[in-house]
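Each chain, written out:
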2 protein chains.
Amino acid sequence: MLGNFVYANPTKLYFGDEAQKNLAEALMPFGRKVLLIYGGGSIRRNGVYDDVMAALRATDKEVVELSGVMPNPTVEKLEEGIKVARDNDADFILAVGGGSTIDYAKAVAVSAWYEGNAWERFWIRQEDPAPGERIIPVGAVLTMAGTGSEMNGGSVITNPDTKMKIGKVFGEEVMPRFAVLNPRYTFSLPRRQMVAGIFDCMSHIMEQYFSGDDDCTSDYLAEGLMRSVIASSRVAVKDPENYEARSNLMWSSTWALNTLIGKGKPQDWMVHMIGQAIGAHTDATHGMTLSGISVAYYRHMMKYGVKRFARFAKIVWGIPANGKSDEQMASEGIDALGAWIREIGADSDISSLGVTPDMLDAIADSTIVLTGGYKTPDHAEIVEILRESL
Amino acid sequence: MLGNFVYANPTKLYFGDEAQKNLAEALMPFGRKVLLIYGGGSIRRNGVYDDVMAALRATDKEVVELSGVMPNPTVEKLEEGIKVARDNDADFILAVGGGSTIDYAKAVAVSAWYEGNAWERFWIRQEDPAPGERIIPVGAVLTMAGTGSEMNGGSVITNPDTKMKIGKVFGEEVMPRFAVLNPRYTFSLPRRQMVAGIFDCMSHIMEQYFSGDDDCTSDYLAEGLMRSVIASSRVAVKDPENYEARSNLMWSSTWALNTLIGKGKPQDWMVHMIGQAIGAHTDATHGMTLSGISVAYYRHMMKYGVKRFARFAKIVWGIPANGKSDEQMASEGIDALGAWIREIGADSDISSLGVTPDMLDAIADSTIVLTGGYKTPDHAEIVEILRESL
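For every chain, the first residue of the written sequence is number 1, and numbering continues from 1 onward in sequence order. Chain letters start at A and ligand numbers start at 1, both assigned in the order the entries are written. The predicted nature of this model means local features are confined to residues of pLDDT at least 70 and side-chain atom pairs, given and counted, to a pLDDT of 80 or more, with totals for whole chains, interfaces and linings taken over all residues.

1. Here's the deal with the overall build of chain A
Next up, step 1: In DSSP terms, a helix is any run of H or I states spanning at least four residues, a strand is any run of E spanning at least two, and both are numbered starting from the N terminus. Of regular secondary structure, chain A possesses 15 helices and nine strands.
Next up, step 2: Taking the principal axes of its C-alpha atoms as reference, chain A extends roughly 65 × 40 × 40 Å.
Next up, step 3: With 390 residues in all, chain A has 58% of them scored as buried.
Next up, step 4: Here contacts are defined at the residue level, using C-beta atoms placed from the backbone and a cut-off of 7 Å between them. In chain A, the proportion of contacts linking residues at least 24 apart, taken out of those at least 6 apart, comes to 80%. Exposure criterion: with C-beta atoms placed from backbone coordinates, a residue whose C-beta has 20 or more other C-beta atoms within 10 Å is buried, one with 12 or fewer is exposed, and one in between is partly exposed.

2. Some points on helix H11 (residues 286-301) of chain A
Residue and element names in this part refer to chain A.
Next up, step 1: Helix span, as expected, comes to 1.5 Å for every residue beyond the first. Taking 1.5 Å per residue, 16 residues should reach 22 Å; H11 reaches 22 Å between its end C-alpha atoms and fits that length.
Next up, step 2: Two axes enter the bend calculation: one fitted to the seven residues ending at the residue in question, the other to the seven starting there, and the bend is the angle between them. Helix geometry: H11 is bent most strongly at Ser294, by close to 45°.
Next up, step 3: H11 sits mainly inside the fold: 14 of its 16 residues count as buried.

3. Observations concerning the sheet that holds strand S5 (residues 92-97) of chain A
Backbone hydrogen bonds are what pair the strands of a sheet, in a parallel or an antiparallel way.
Next up, step 1: Pairing between strands requires that DSSP locate at least two bridges from one strand to the other. Here we have seven strands laid out as an open sheet, ordered S4(A)-S3(A)-S5(A)-S6(A)-S9(A)-S2(A)-S1(B), and mixed in their pairing. A strand with exactly one partner marks an edge of an open sheet, and here the two such strands are strand S4 (62-66) of chain A together with strand S1 (5-7) of chain B. With strand direction ignored, the average angle separating the axes of adjacent strands in the sheet is 20°.
Next up, step 2: As judged from the four bridges shared by strand S2 (residues 12-15) of chain A and strand S9 (residues 178-181) of chain A, these two strands associate in the parallel manner. Its bridge partner lying in S9 of chain A, Lys12 of chain A is registered against Phe178 of chain A.
Next up, step 3: Every angle, taken between N-to-C directions, lies between 0 and 180 degrees, and every axis is a line fitted to C-alpha atoms, over only the stretch in contact when it is a helix. This element, helix H5 (residues 99-111) of chain A, spans strand S3 (33-38), S5 and strand S6 (138-142) of chain A of the sheet and lies at about 165° to S5 of chain A.

4. A look at the interface of chain B and chain A
The accessible area lost on association of the parts is a frequent measure of interface size.
Next up, step 1: Listed by partner, the interface residues are 36 residues for chain B and 35 residues for chain A.
Next up, step 2: Ranked by residue count, the leading element in the side of chain B that touches chain A is helix H8 (residues 217-238) of chain B, at ten residues.
Next up, step 3: In the side of chain B that touches chain A, the residues fall into 17 nonpolar, eleven polar and eight charged.
Next up, step 4: Here three bridges tie S2 of chain A to S1 of chain B, and the two strands are oriented antiparallel to one another. Each residue of the ladder has a partner; that of Leu13 of chain A, found in S1 of chain B, is Tyr7 of chain B. In this count, Pro and Cys sit with the nonpolar residues alongside Ala, Val, Leu, Ile, Met, Phe, Trp and Tyr, while Asp, Glu, Lys and Arg are called charged and the others, Gly among them, polar.

5. Notes on the domain arrangement of chain A
All names here are of chain A.
Next up, step 1: Each domain's limits were defined by an automated method or a database of domain assignments. Domain boundaries assigned for chain A yield domain 1 (12-185) and domain 2 (191-388).
Next up, step 2: For domain 1 and domain 2, the distance between their C-alpha centres works out to 27 Å.
Next up, step 3: Each partner contributes residues to the interface: domain 1 has 20 residues there, and domain 2 has 28 residues.
Next up, step 4: Among the secondary structure elements, those contributing two or more residues to the side of domain 1 that touches domain 2 are S2 and strand S8 (164-169).
Next up, step 5: The biggest single contributor to the side of domain 1 that touches domain 2 is S8, with three residues.

6. Digging into the nonpolar core
Next up, step 1: Defined on buried residues, the nonpolar core groups Ala, Val, Leu, Ile, Met, Phe, Trp, Tyr and Cys residues joined through C-beta atoms within 7 Å. Formed by 264 residues in total, the largest nonpolar core has its most connected members in Ile93 and Leu225 of chain A together with Ile37, Ile93 and Leu225 of chain B.
Next up, step 2: Not counting residues within four places of it along the chain, the set of residues in contact with Ile93 of chain B comprises Leu35, Ile37, Ala105, Val108, Ala109, Ile136 and Val138 of chain B.

7. With respect to the relation of the copies chain B and chain A
Next up, step 1: We place the copies in one frame by least squares, fitting the C-alpha atoms of every residue whose pLDDT is at least 70 in both. Rotating chain B by 180° and translating it 0.0 Å along the rotation axis places it on chain A, where the RMSD comes to 0.0 Å. The superposition of one copy onto the other is thereby described by a two-fold rotation axis.
Next up, step 2: By residue overlap, the copies meet face to face through one surface: 97% of the interface positions of chain B are interface positions in chain A.

8. Thoughts on the sheet that holds strand S2 (residues 12-15) of chain B
Next up, step 1: An order of S1(A)-S2(B)-S9(B)-S6(B)-S5(B)-S3(B)-S4(B) is seen for the seven strands of this open sheet, with the pairing classed as mixed. Taken across any chain shown, the strands that pair with only one partner, and hence form the sheet edges, are strand S1 (5-7) of chain A together with strand S4 (62-66) of chain B. On average, each strand axis in the sheet is tilted by 20° relative to the strand beside it, whichever way the strands run.
Next up, step 2: Docked against the sheet, helix H5 (residues 99-111) of chain B engages strand S3 (33-38), strand S5 (92-97) and strand S6 (138-142) of chain B, running at close to 165° with respect to S5 of chain B.

9. Section: unusual backbone geometry
Residue and element names in this part refer to chain B.
Next up, step 1: Here the phi dihedral of Gln126 falls at roughly 55°; this positive angle occurs in a residue that is not glycine.
Next up, step 2: With respect to the helices and strands, Gln126 occurs in the loop between helix H6 (118-124) and S6.
Next up, step 3: A tally of 11 C-beta atoms within 10 Å means that Gln126 is categorised as exposed.
Next up, step 4: Positive phi is not limited to glycine here, since Asp283 has a value of about 60°.
Next up, step 5: On the secondary structure map, Asp283 appears in the loop between helix H10 (270-282) and helix H11 (286-301).

10. Let's talk about the environment of Asn117 of chain B
Residue and element names in this part refer to chain B.
Next up, step 1: By the element assignment, Asn117 lies in the loop between H5 and H6.
Next up, step 2: Under the C-beta neighbour-count criterion, Asn117 is labelled partly exposed, with 14 such atoms within 10 Å.
Next up, step 3: Once the C-alpha coordinates of Asn117 and Asn88 are considered, the two residues, 29 residues apart in sequence, prove to be 20 Å apart.

11. Topic: the packing of H8 of chain B against helix H9 (residues 243-256) of chain B
The angle between the axes and the distance between the axes are what describe a pair of packed helices.
Residues and elements named next belong to chain B.
Next up, step 1: Two numbers describe how H8 lies on H9: the axes approach to 9 Å, and their chain directions differ by 145°. As H8 runs across H9, the sense of the crossing is left-handed. Contacts from Leu225, Ser228, Val229, Ser232, Ser233, Val235 and Ala236 in H8 reach Ala245, Arg246, Asn248, Leu249, Ser252, Trp255 and Ala256 in H9.
Next up, step 2: Here the residues of the contact of H8 with H9 sort into eight nonpolar, five polar and one charged. In this scheme the crossing of two helices becomes right-handed for a clockwise turn of the near helix relative to the far one and left-handed for an anticlockwise turn of less than a right angle.

12. As for the pairing of S6 of chain B
Residues and elements named next belong to chain B.
Next up, step 1: Within S6, five of the five residues are buried, leaving the element largely enclosed by the surrounding structure.
Next up, step 2: Every second residue of S6 is oriented toward a common face, with Val138, Ala140 and Leu142 on one face and Gly139 and Val141 on the other, all of them buried.
Next up, step 3: The pairing of S5 with S6 spans five bridges and is parallel. Bridge pairing in S6 places Gly97 opposite Leu142.
Next up, step 4: In this structure, S6 lies alongside strand S9 (residues 178-181), joined through four bridges in parallel fashion. Across the sheet, Leu142 pairs through a bridge with Leu181, a residue of S9.

The structure is reproduced here in structure tokens:
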């Protein structure tokens, strides 16, 4: 823990198969006009909508609904949300869904009362809200585990015209005030979405883990989380209604990206940057853009952080060292990661996501390059990683 | 994660060797009259007092000092604090010290405006404050890692007359609003105090880990923390001014007991219950009462949770399974724990703490018996564990 940092995470989490029973109490302190945001309407079929409406009625809220939030929420959709929030003078936003819906709710919350162009200010210029600026408080009811959006200040918005998919991490004033985490709410999710969420979670941990050379508690916590995700994923892909496994996956996803395991250390995040660029060009499922490139990416990075990759093999995958070199161990660890991607049924290439050889240059152009990893890839290397992932 | 639970932890943590630079900002939102609480005055010698006073002056606070908080804060001292807080109508309590000082500050905070007997209500009857009851907000500047008091609602108070040392866990409204965690503030601590803090932290993790049979993310996080504590302890006992090691120990202690790693699972806590009874009879250092009995305690419990103890050996201590039975692995794990206790210089018996054979019965009588572990020990078994620890 060599860095100086602040940890603050005020989100109150209600967890368990009866978590929704706390929703009315959680809503109580906030104003009467609630903007209810959700996605394609699956919550109307699986009973989650009814649970939420019961809590809203019990607390006598005035509800405005805004649905149709897409997997990669667009600037255009954001503009719609801003208008609805302002026209109705929403006191509170309740997001019901997965990461896209909660990300979107946070984007609306922070943008609704900003007078200028929100996309330009928050996503392009990467600005924070000014102190005292009006931000609408957000709450979340989670229906898909993976992004961790339920306990962080992150938001990702896509501009399909410019093919930019940009993430922004706001401060604690934008984090959800509460989140209802009922693992059963994730049972009706299609298997492919569940698997994408599992890999997204694993990738969040690896992005924070594969960086830094010091001895740091955060990396030990990351190893614990990865071991739990791997163990539970193996149960969940065989038995998606296994409550124990799905509950561990939900809890692990929340802690994989609520800032804890990145404290006091540098972080990489280039798999996400490349994955987001793929998403902007293809509209592919986020988690699958990450699984599609991770093996190629880490093979490129391995030699610059070989001790960490060897530790990954030993601790996370339980590969016995038996006198092997760090290089050998590191390589076996990445093999194990690749085998696990196939085992759980995540995509292990990007051709299946619609990426073709002629797109690689443009995807690399859309990739935001960060410098926190073991080695910062240049344009040519990103193209190479993409090519190896086809 | 089979249980239903709520996680809420609003404490804002400022961490690092420049953490104190945030103290003035952290104090800003609170009222002007600050009750400054500390222990025996070591903070006046190591510069911490000066740093704190500078922040208090910078924010124009009116300061009342209350010092002399002892390692096991007494009911009598609590009464003194209540009087000082009321007489001065304190708006805020700033605790500067280790777990005893912060525990004590929380006890004063919650009791100051209660009209009846605080010891009876909160510690004997284990009541919570009623909603809306006046609780003075607390902040903390940590000078010793171990108890985790800086990020939880816990408080332990001792009644020397009745030989009762009782812990109470209050809700989030009693948790420190912020804590300043500067690892350098722990450098001047005597080695014995450092080691006691290390074992206290390890014990907190084990109390939560050795319970439950399901697959639970919390246990994987606990394993990560234990591995980090063990690694850093080995550096710190050789080189107490190793910043990296001391910072990991500080961060691990905070996360060992801020409720995270106990979520969704049963917990044991009998080592602490017996240790606290020893403390009430001897005034011994808390961490050493735990190290003194842990090996005997876990040898008694091992057969009731043998799979978990075998996992402890393999994952936490890295002992190769090599076809050994769970019983054999479990036993080797406890051997490793015992060897580590000696290696870091923690006490491995209770005779050195002043416990004599004639006291065992009375200590067992003072022990509060909890039922969350693999097996609930009865009076005879507690006496037996104590005898084996002499």
